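# Analysis of the macromolecular model
Residues per chain, in single letters:
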Amino acid sequence: MKKLFFAAACALLCCAFVFSCSAYEHEEYYKGAEPGEVLNVFNWGEYISDSYEDGMLDVNKEFEKLTGIKVNYVTFESNEDMYAKIKNGGASYDIVVPSDYMIERMAVEGLLQKFDVESLPNYHYIDEKYRNMYFDENNEYCVPYNVGLVGLIYNTKMVEGTPDSWKIMWDEKYAGKILMIDNPRDAFAIPQKIFGYSLNSTDEKELSDVAQMLIDQKPLLQGYVMDEVYNKMESGEAAMVPYYVGDFITMHDVNPDLAFVYPKEGVNIFVDAMCIPACAQNVSAAKKYINFMLDPEIGICNAWYIGYASPNTGVVNNPEYSDYAENKLLYPDEESMPDTEYFHNLPQETLDRFSALWSEIKVAGSNNTHIYVGFSVVGAICVFSAVYSAVRRKKREYWYDFPKQ
């Protein structure tokens, strides 16, 4: 899906800079590709400008044209899905884009390799406040890509008033119209904030409290979603969902009845960053790709297309981006900034408990639809068998009664 927010301005910018045959910064850095060289990138879905339509830019195609390196681009839906793929060695990637807490975990487990980020010619564009962060204190594993917050997306035609609390997701009047994010850390975060617990709690009782609250919510849900959230919210099929502010902007472009709030209990703030996994086969191309993504011309097209806040000063300080940079949902000022907390990596014992509780939640407290479907199927089979037997009997009777020639 294309990001349409400020597409006209992006078109002007792209025409003025990208498509005018002017050089990208440090073009010499991208030379030297071997014939048939390939770069394997593993990124979130809907997370890069990938079309030349509506004034947008196909970033991967531009990189291929500039470097001669073929980009194989694969997407994932959650940090946990990405982690499992890397951990199990199912495929080899040269670039991955995890979130903060997952970067911390993968670094500890030896799944990421260190590289000299300062050697990237465009690294100076990374804002100082996104350097030396808790998940990469020495700036040796990653380069920030996007910044975002989680909030509540709701349909103003389906929800009464302006909600200000996560508790509305347990309101029975919206039963069957509530979506929950299909991601254990994000899903747990909502009851954690309602209870006033830390998003990084390791307390067994607190985790059990949260799990029970999610189980209690289960009969009210229409379903759990990740990328399918776009169709459900844009079409008006569902009334509310906890999701990322950048994706709200995309959905709002399609359905202006949608609105977004940061609930008063607090929200998760996150940084997604580009990393080179330990399994990478083409580190040289990976560095070129990361540097290319930091180029202000590429960064601003990605920022417009994706709709997330950028850690790139070359983007945020560009006057063509000023209307976007002033959007207080993406770049909250001190007055509009909600209470925020980052996810951190958790002890393995807690991670195991998370997994066990999440499995219990997904199978418990359901609305029993699957049971009704099962009964229906069994009933249909029984009816079919009875009818089939009756037909067979009729056929036998017919042949027995049929006059012999």
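These remarks concern the structure in this document. (Residues numbered from 1 in each chain as written. Predicted model: local features only at pLDDT ≥ 70, side-chain atom pairs only at ≥ 80, totals over all residues. Heavy atoms only, no water.)

## Looking at empty space enclosed by the protein
Across all of its chains, the model carries 5 cavities of 30 Å³ or more by this definition. There is about 210 Å³ of room inside the largest cavity. Lining the largest cavity we find 22 residues, and of these Trp44, Tyr244, Phe270, Asp272 and Tyr308 sit closest to its centre. If you list the elements that add at least two residues to the lining of the largest cavity, you get α4 (100–108), β7 (240–244) and β9 (267–275). If you tally residues by element for the lining of the largest cavity, the top one is β9, at 3 residues. (1 Å grid on protein atoms, 1.4 Å probe; cavity = no way out; pocket = protein on both sides within 12 Å on 5 of 7 lines; lining within 4 Å. Points joined across faces, edges and corners; volume = space filled by probe spheres on them. Helix = DSSP H or I, 4+ residues; strand = E, 2+ residues; numbered from the N terminus.)

## Structural notes on the nonpolar core
Burial of nonpolar side chains together is a common tendency in soluble globular proteins. Among the nonpolar cores identified, the biggest contains 130 residues, and Val143, Met169 and Phe188 are the most heavily contacted of them. With 9 residues, strand β4 (residues 142–155) is the largest single contributor of residues to this core. Other than its neighbours up to four places away in sequence, Met169 contacts Leu152, Ile178, Leu179, Met180, Ile190, Gln217, Leu220, Met240 and Pro242. (Core = buried A, V, L, I, M, F, W, Y, C linked by side-chain atoms within 4.5 Å. Buried < 20%, exposed > 50% of the residue type's maximum accessible area, 1.4 Å probe, protein only. Contact = heavy atoms within 4.5 Å.)

## Some remarks on the pairing of strand β1 (residues 38–44)
Where burial is concerned, most of β1 is hidden: 5 out of the 7 residues are buried. The parallel pair β1 and strand β2 (residues 70–76) is bridged by helix α2 (residues 59–67), and the resulting crossover is right-handed. Inspection of the sheet shows β1 paired to strand β3 (residues 95–96) by 2 bridges, in the parallel sense. Paired with Phe42 across the two strands is Val96, which belongs to β3. (Right-handed = clockwise from strand over helix to strand, strands pointing away. Pairing = 2+ DSSP bridges.)

## Topic: the packing of α2 against helix α9 (residues 283–294)
Where α2 meets α9, the closest approach of the two axes is 11 Å, and the angle between their N-to-C directions is 125 degrees. For the element pair α2 / α9, the angle class is oblique. Judged by the twist between their axes, the crossing of α2 over α9 is right-handed. Where α2 abuts α9, its residues Val59, Asn60, Glu62, Phe63 and Leu66 lie against Ala285, Lys288, Tyr289, Phe292 and Met293. (Axes fitted to C-alpha atoms, helices over the stretch in contact; angles between N-to-C directions. Parallel < 35°, antiparallel > 145°, perpendicular 65-115°, else oblique. Left-handed = near helix turned anticlockwise from the far one by under 90°.)

## With respect to the packing of helix α6 (residues 204–217) against helix α13 (residues 348–363)
Two elements in contact, α6 and α13, have axes separated by 10 Å at closest approach and are oriented at 20 degrees. Put simply, α6 runs roughly parallel to α13. Classified by chirality, the crossing of α13 by α6 is right-handed. Facing α6, whose interface residues are Glu204, Leu207, Ser208, Ala211, Leu214 and Ile215, α13 presents Thr350, Arg353, Phe354, Leu357 and Ile361. Class assignment for the residues of the contact of α6 with α13 results in 7 nonpolar, 2 polar and 2 charged. (Nonpolar A, V, L, I, M, F, W, Y, C, P; charged D, E, K, R; others polar.)

It is worth stressing that arrangement in space is one thing and function is another; only the former is reported here.
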